[in-house]
Amino acid sequence: MEGARAMTLNVDHLAKQFSKNGQETVESLIDINLEVKDEEFVCILGPSGCGKTTLLRIVAGLEHPTSGTVKIDTTLIDRPNQKLGMIFQDYSLYPWRTVNENIAFGLELHDVPKEKRDSIVKKYITLAGLSEFGNSYPHELSGGMRQRVAVVRALAVEPTVLLMDEPFGALDAQTRNMLQNELLDIWQKTKKTILFVTHSVDEAVFLADRIVVLTPRPGRVCEIIHIDQVRPRDRTSVEFAKVRRHVLDLINQKCSLQ
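Residues numbered from 1 in each chain as written. Predicted model: local features only at pLDDT ≥ 70, side-chain atom pairs only at ≥ 80, totals over all residues. Heavy atoms only, no water.

**Student:** Just to check I follow, could you spell out the packing of helix H4 (residues 143-156) against helix H5 (residues 173-190) for this structure?
**Tutor:** Interaxial distance between H4 and H5 falls to 11 Å at its minimum, and their mutual angle equals 20°. In terms of orientation, H4 and H5 fall into the roughly parallel class. In the crossing of H4 with H5, the sense of the turn from one axis to the other is right-handed. On H5, the residues that touch Gly144, Gln147, Arg148, Val151 and Leu155 of H4 are Thr175, Leu179, Glu182, Leu183, Ile186 and Thr190. Its residues assigned to classes, the contact of H4 with H5 shows five nonpolar, four polar and two charged. (Axes fitted to C-alpha atoms, helices over the stretch in contact; angles between N-to-C directions. Helix = DSSP H or I, 4+ residues; strand = E, 2+ residues; numbered from the N terminus. Parallel < 35°, antiparallel > 145°, perpendicular 65-115°, else oblique. Left-handed = near helix turned anticlockwise from the far one by under 90°. Contact = heavy atoms within 4.5 Å. Nonpolar A, V, L, I, M, F, W, Y, C, P; charged D, E, K, R; others polar.)

Following this line, the structure appears as structure tokens:
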């Protein structure tokens, strides 16, 4: 039997302008073109203020571009869509709901029957390694555990693409490294396409199939770097250091001059 057709996410000639004080026009993004393939892990990297989060919010349908389009295959994304799951840095968990109830929230919105909902929650809470904490509330969890709940809550509604906006930025280095490994494990098990915004070069080199490096504002695509190193990647290896140095050189020199 023929398999399902692979998905493609296309960002085509996308630009975004903001009005400042009702008069001055600020250009945030200019002529962004990007194609993300099915099951790819793509990181968007660039200096603060270059439009990384704005780009991700437009892809999510949470903001409208000034010009250009975002499509999943032939579907135009101009509003939030079930095919797109979004994870923010601040977790956005509901403090009055338990872990199980937080994971089930999106399923409730889509009127998934309770029996099926419970089965899906069990699957994803197990995937996150949090089975013992299903009846706990967010304030009873560590920051890393809360972020794991946020990841599997987004996955539970079976999005085509998972959008992640600096999800580990507020965590300490040890927890951050641990969650990067756990995210890769979840990604390899679920085969979801991930578009991941980060300001950390090390994080991007560790996680991504490709790194999209943006220029300082207005953000343009400076270069797209393909990383073919096997996972898990050794941060102390010569190969890792070589890619890291190349990305740093882009950010500090070539991309900053464009």
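**Student:** Explain helix H1 (residues 52-59) to me, please; I cannot follow it from the model alone.
**Tutor:** Of all eight residues that make up H1, six are buried, and the element is covered over most of its length. Taken residue by residue, H1 has Lys52, Thr54, Leu55, Leu56, Ile58 and Val59 as its buried positions. Downstream of H1 by a residue or two, Gly61 has a phi angle that is positive, lying close to 80°. (Buried < 20%, exposed > 50% of the residue type's maximum accessible area, 1.4 Å probe, protein only.)

**Student:** Looking at this structure, I do not really get the nonpolar core. What am I missing?
**Tutor:** What tends to happen in soluble globular proteins is that the nonpolar side chains get buried as a cluster. Within the largest apolar cluster, 56 residues are counted, with the highest numbers of intra-cluster contacts made by Phe41, Phe196, Ile211 and Val247. For this core, the element with the highest residue contribution is H4, accounting for eight residues. The contacts of Val247, once residues within four sequence positions are left out, are Leu45, Val201, Val205, Ile211, Val213 and Ile225. Counting residues in hydrophobic clusters, the runner-up holds 27 residues, among them Leu34, Leu55, Val70 and Val197. (Core = buried A, V, L, I, M, F, W, Y, C linked by side-chain atoms within 4.5 Å.)

**Student:** Just to check I follow, could you spell out the packing of aromatic side chains for this structure?
**Tutor:** Aromatic ring pairs are described here by two measures, namely the spacing of the ring centres and the angle between the planes. Taken as a whole, this structure holds five aromatic pairs when the rule is applied. Arranged with centres 6.0 Å apart and planes meeting at 55°, the rings of Phe168 and Phe196 form a pair that is tilted. A residue pair is termed long-range when its members are at least 10 positions apart, and Phe168 in the loop between strand E7 (161-165) and H5 and Phe196 in strand E8 (residues 193-198) qualify at 28 residues. With a relative accessible area of 2%, Phe168 lands in the buried category. Its relative accessible area of 0% is what places Phe196 among the buried residues. Ring pairs connect the aromatic residues Phe41, Phe168, Trp187 and Phe196, which therefore count as one cluster. The ring of Phe18 has Lys16 lying over it, and the distance from NZ or CZ to the ring centre is 5.2 Å. The ring centre of Phe206 lies 3.8 Å from the NZ or CZ of Arg235, which sits over that ring. (Phe/Tyr/Trp six-rings, centres within 6.5 Å; stacked < 30°, edge-to-face > 60°. Lys NZ or Arg CZ within 6 Å of the ring centre and 35° of its normal.)

**Student:** What exactly am I supposed to notice about the environment of Leu56 here?
**Tutor:** For Leu56, the location among the structural elements is in helix H1. Overall, the relative accessible area of 0% leaves Leu56 in the buried class. For the pair Leu56 and Ile44, spaced 12 residues apart in sequence, the C-alpha separation works out to 8.9 Å. When neighbours within four sequence positions are excluded, Leu56 is seen to be in contact with Met86, Leu163, Met164, Asp165, Leu195 and Val197.

**Student:** Before we go on, may I ask you to explain the pairing of strand E3 (residues 41-45) in this structure?
**Tutor:** A regular strand carries its side chains on alternate faces of the sheet. Counting buried positions along E3 gives five out of five residues, so the element sits mostly inside the fold. Alternating positions in E3 separate into two faces, Phe41, Cys43 and Leu45 on one and Val42 and Ile44 on the other, with burial throughout. Both E3 and E8 contribute to a ladder of five bridges, which runs parallel. Paired with Val42 across the bridge in E8 is Leu195. (Pairing = 2+ DSSP bridges.)

**Student:** Sorry, what's going on with the sheet that holds strand E9 (residues 210-214) here?
**Tutor:** In sheet architecture, strand pairing relies on hydrogen bonds along the backbone and comes in two forms, parallel and antiparallel. Strand order across the open sheet formed by six strands is E6-E7-E8-E3-E9-E10, with mixed pairing between neighbours. The sheet is open, and its two borders are formed by strand E6 (84-87) and strand E10 (221-226), each paired with just one other strand. Between one strand axis and the next, the sheet turns by 15° as a mean value, whatever way the strands run. Where H5 meets the sheet, it contacts E3, E7 and E8, and its direction lies at approximately 160° from that of E8.

**Student:** Help me understand the pattern of salt bridges, please; the structure alone is not making it clear to me.
**Tutor:** Charged atoms that come close allow side chains of opposite charge to pair. A full pass over the atoms with the stated rule returns 13 salt bridges. For Arg79, the salt bridge is made with Asp78, and the minimal N-O distance between the two is 3.3 Å. The exposure class assigned to Arg79 is exposed, which follows from its relative accessible area of 55%. Given a relative accessible area of 31%, Asp78 falls into the partly exposed group. With a closest N to O distance of 2.7 Å, Asp118 and Lys114 form a salt bridge. Linking Asp118 with Lys114, this pair stays in helix H3 (residues 114-127), spanning four residues, or about one helical turn. (Salt bridge = Lys/Arg side-chain N within 4 Å of Asp/Glu carboxyl O.)

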